[in-house]
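So you can see what is in the structure, the chains are spelled out below.
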Amino acid sequence: MIQTNGLTKQLGGRTVVSNVTFRCEPGTVTGFLGPNGAGKTTTMRMLVGLSEPDSGTARILGGRYRDLPNPGRRVGILLDASAQHAGRRGREALAVSAHTMGVPAQRVDALLELVGLDETAARRRVGKYSLGMRQRLGFAHALLGDPEVLILDEPANGLDPQGMRWMRGLLRNFADRGGTVLLSSHLLAEVEAVADRMMIIGGGRIQAQGTRAELLTESRTIVEADDLAGLDAAMHRGGLATHPADGDRRLVEAEPEVVARAAMADGVVLRRLAPAEDAGLERLFFELTTGGASPQSPQTDSIHPELAGATA
Amino acid sequence: MSTTTLTAPIRVNTAGVHARPGLGRLVAVELRKMVDTRAGFRLQVAMVALTVVVVVVRLLVGDAAHHTFQSVLDAGLQPSAVLLPVLGILLVTSEWSQRTGLITFALVPVRSRLLGAKLIASLLLAVAMLAMSITVVAAGVLVASPGVEATWSDAAPLIGQSAVNLTAGMVVGVALGAILLASAPAIVLLFALPASWMAVVSLPVFSGVAPWTDYARALGQMTEKVMSATQWAHAGTSLTIWMVLPLLIGAWRITRREIAS
């Protein structure tokens, strides 16, 4: 389990992490989502004692990370796959850490196999690795101590689609066995596919968190009609906010049923009526992480009252 | 990639999970790190090779009658004396320049323990290099000029002084590395600082303090001849300034600094 309370950190006079509070439960995968520079990495460094928070606390498995006697055996970390000695061979990079945490050397080979680094790759120096290979080595490193918690910063970086699917399976399986996973990404699609819960961070603050369903309490509907003017008028009369969408469609901020009723009241024929959840989540992510620059942000604020002021 | 999934439940308390890695293990890991990278390995090969070359050349030139253990030792120790501090610097700075600190300090969050392990490991390496140098020097003397009178005079105190020389140099390297946390500036400083200091204290005004603060001279004389009590006092004050003080500053830096490279 991971729990933070009001984590705050200033670096170079700028507040990079501000009052970050969250909780990751065993058996779940939590996605930590935000654009580059939003404070994800700094938050993760504070979790594992590499960076000292100015205020607030971070607890892992019930205590401070640095109080864990042998942290590598309980918490697997991948903060930066490129943070390996370029002149060290792949297998040796794992073996050094295995030696430190007292893990048998055979486990190194087992993990190299698990992440798909063959004998040739294991014997090469890490400096010659591609980003994808480093990422796999990083996964092997995070899993080396057979941990209960995984903290992964941008783990999908450099993985091909096959590797991403493999990673998702691995994390799902880890969580289903009772592990706790926190992974960060700046890409919504990567997190969405595997995370049970999501936290969206922007400008150092948690802008929203919850399950996918919780984040999408508002639903949006994609509508197509031959008479677009009539549709707009009908939606306007029904008090439904309407936005132009690709291909002469309209994005209406309401449940499909509400849209259908409003259209019927005006006798507008609909050609298509579909929930637009993905677009909604993507838009939410965009709005929350770009400081409320979007013209629709007042409505978002009223829909997510807990976020009011967060984007200011 | 393997599609194997692990089916065992997330572990409930296996042995070793709650045992803090002992200092001995940390020292062993640090020693391992000194030789398992290309740079570290080559530096040590270079130290051995240069020692052999220097001793052979030293024995080939000059009068064989002067080839006592004492006269060859001074030359034979130079490769280790010059390169060991560089290795000490790299042992600390590579955690930043190669960014392995993200892993190292995550596995060993109590940073003072890690610095302690690095110090002990570097001292062990210095002793190993001392043994190597003395073996090469002794073998060379035995082969090149057997039977020279008083060949082995003062061997014991000279070996002791050489041990102080190499270990002190090594600790200075670790300390400079810990202060600067960057390889290139630390290596430059390692060589530039004693020379600059020597230039400053060579001014007549400083003639009184010069011997008490000149670290290069203090270390240099250790491999030349058996030192007097006054010389030991000079060495003591110089090493306090150039070794102990930097080490304290470096330790303070490492335990507080963000590991964010």
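Each remark here, short or long, concerns the structure printed above.
Please read all numbers here as calculations on a predicted model, not as lab measurements.

(A) Representation of the overall build of chain B in the model. Counting its regular elements, chain B contains 10 helices and 0 strands. Taken from N to C terminus, the helices and strands of chain B fall in the order α-α-α-α-α-α-α-α-α-α. Expressed as lengths along the three principal axes of its C-alpha atoms, the size of chain B is roughly 75 × 50 × 30 Å. Every one of the 261 residues in chain B was classed for burial, and the buried ones make up 41%. Expressed as a percentage of contacts within chain B between residues at least 6 apart in sequence, the contacts between residues at least 24 apart total 82%.

(B) Focus on helix α3 (residues 106-114) of chain A. Residues and elements named next belong to chain A. Within α3, burial applies to Val108, Leu111, Leu112 and Leu114. Down the axis of α3, the smallest arc covering the buried residues is 160°, so these residues share one side. In this structure, the buried side of α3 is in contact with α2 (90-101), α4 (119-123) and α5 (131-143). Gly116 sits one or two residues past α3 and shows a positive phi near 80°.

(C) The arrangement of the packing of helix α9 (residues 228-237) of chain A against helix α10 (residues 256-265) of chain A in detail. Residues and elements named next belong to chain A. Where α9 meets α10, the closest approach of the two axes is 8 Å, and the angle between their N-to-C directions is 110°. By the angle between their directions, the pair α9 and α10 is classed as roughly perpendicular. For the crossing formed where α9 meets α10, the hand is right-handed. The residues of α10 that touch α9, namely those facing Leu231, Ala234 and Met235, are Ala262, Ala263 and Ala265. Considering only residue class, the contact of α9 with α10 consists of 6 nonpolar, no polar and no charged.

(D) Examining the sheet that holds strand β11 (residues 242-245) of chain A more closely. Residues and elements named next belong to chain A. Strand order in the open sheet made by the 4 strands is β11-β12-β10-β13, with antiparallel pairing throughout. Of all strands in the sheet, those with a lone pairing partner are β11 and β13 (270-275), marking the two edges. In this sheet, adjacent strand axes meet at a mean angle of 25° when their direction is disregarded. Pairing of strand β10 (residues 221-225) with β13, which is carried by 5 bridges, proceeds in the antiparallel orientation. Paired with Thr221 across the strands is Pro275, a residue of β13. Against the sheet, α9 engages β10, β11 and β12 (249-252), with an angle of about 135° to β10.

(E) Structural view of the sheet that holds strand β1 (residues 2-11) of chain A. Residue and element names in this part refer to chain A. Taken together, the 3 strands give an open sheet; going across it, the order is β2-β1-β4, and neighbouring strands pair in antiparallel fashion. Both outer strands of the open sheet, β2 (14-24) and β4 (55-60), are each paired with one neighbouring strand and no more. Between one strand axis and the next, the sheet turns by 20° as a mean value, whatever way the strands run. By the bridge criterion, 5 bridges tie β1 to β4 in an arrangement that is antiparallel. Bridging from a neighbouring strand, Gln3 pairs with Arg59 of β4.

(F) Region of the structure containing the interface of chain A and chain B. At the junction of the two partners, chain A supplies 42 residues and chain B supplies 37 residues. Sort the elements by how many residues they give to the side of chain A that touches chain B and α2 of chain A lands first, with 6 residues. Partitioned by chemical class, the residues of the side of chain A that touches chain B number 14 nonpolar, 17 polar and 11 charged.

Cut-offs applied
Residues numbered from 1 in each chain as written. Chains lettered and ligands numbered in written order. Predicted model: local features only at pLDDT ≥ 70, side-chain atom pairs only at ≥ 80, totals over all residues. Helix = DSSP H or I, 4+ residues; strand = E, 2+ residues; numbered from the N terminus. Buried ≥ 20, exposed ≤ 12 C-beta atoms within 10 Å, placed from the backbone. Contact = placed C-beta atoms within 7 Å. Arc of directions from axis to C-beta. Axes fitted to C-alpha atoms, helices over the stretch in contact; angles between N-to-C directions. Parallel < 35°, antiparallel > 145°, perpendicular 65-115°, else oblique. Left-handed = near helix turned anticlockwise from the far one by under 90°. Nonpolar A, V, L, I, M, F, W, Y, C, P; charged D, E, K, R; others polar. Pairing = 2+ DSSP bridges.

None of this, on its own, says anything about what the molecule does.
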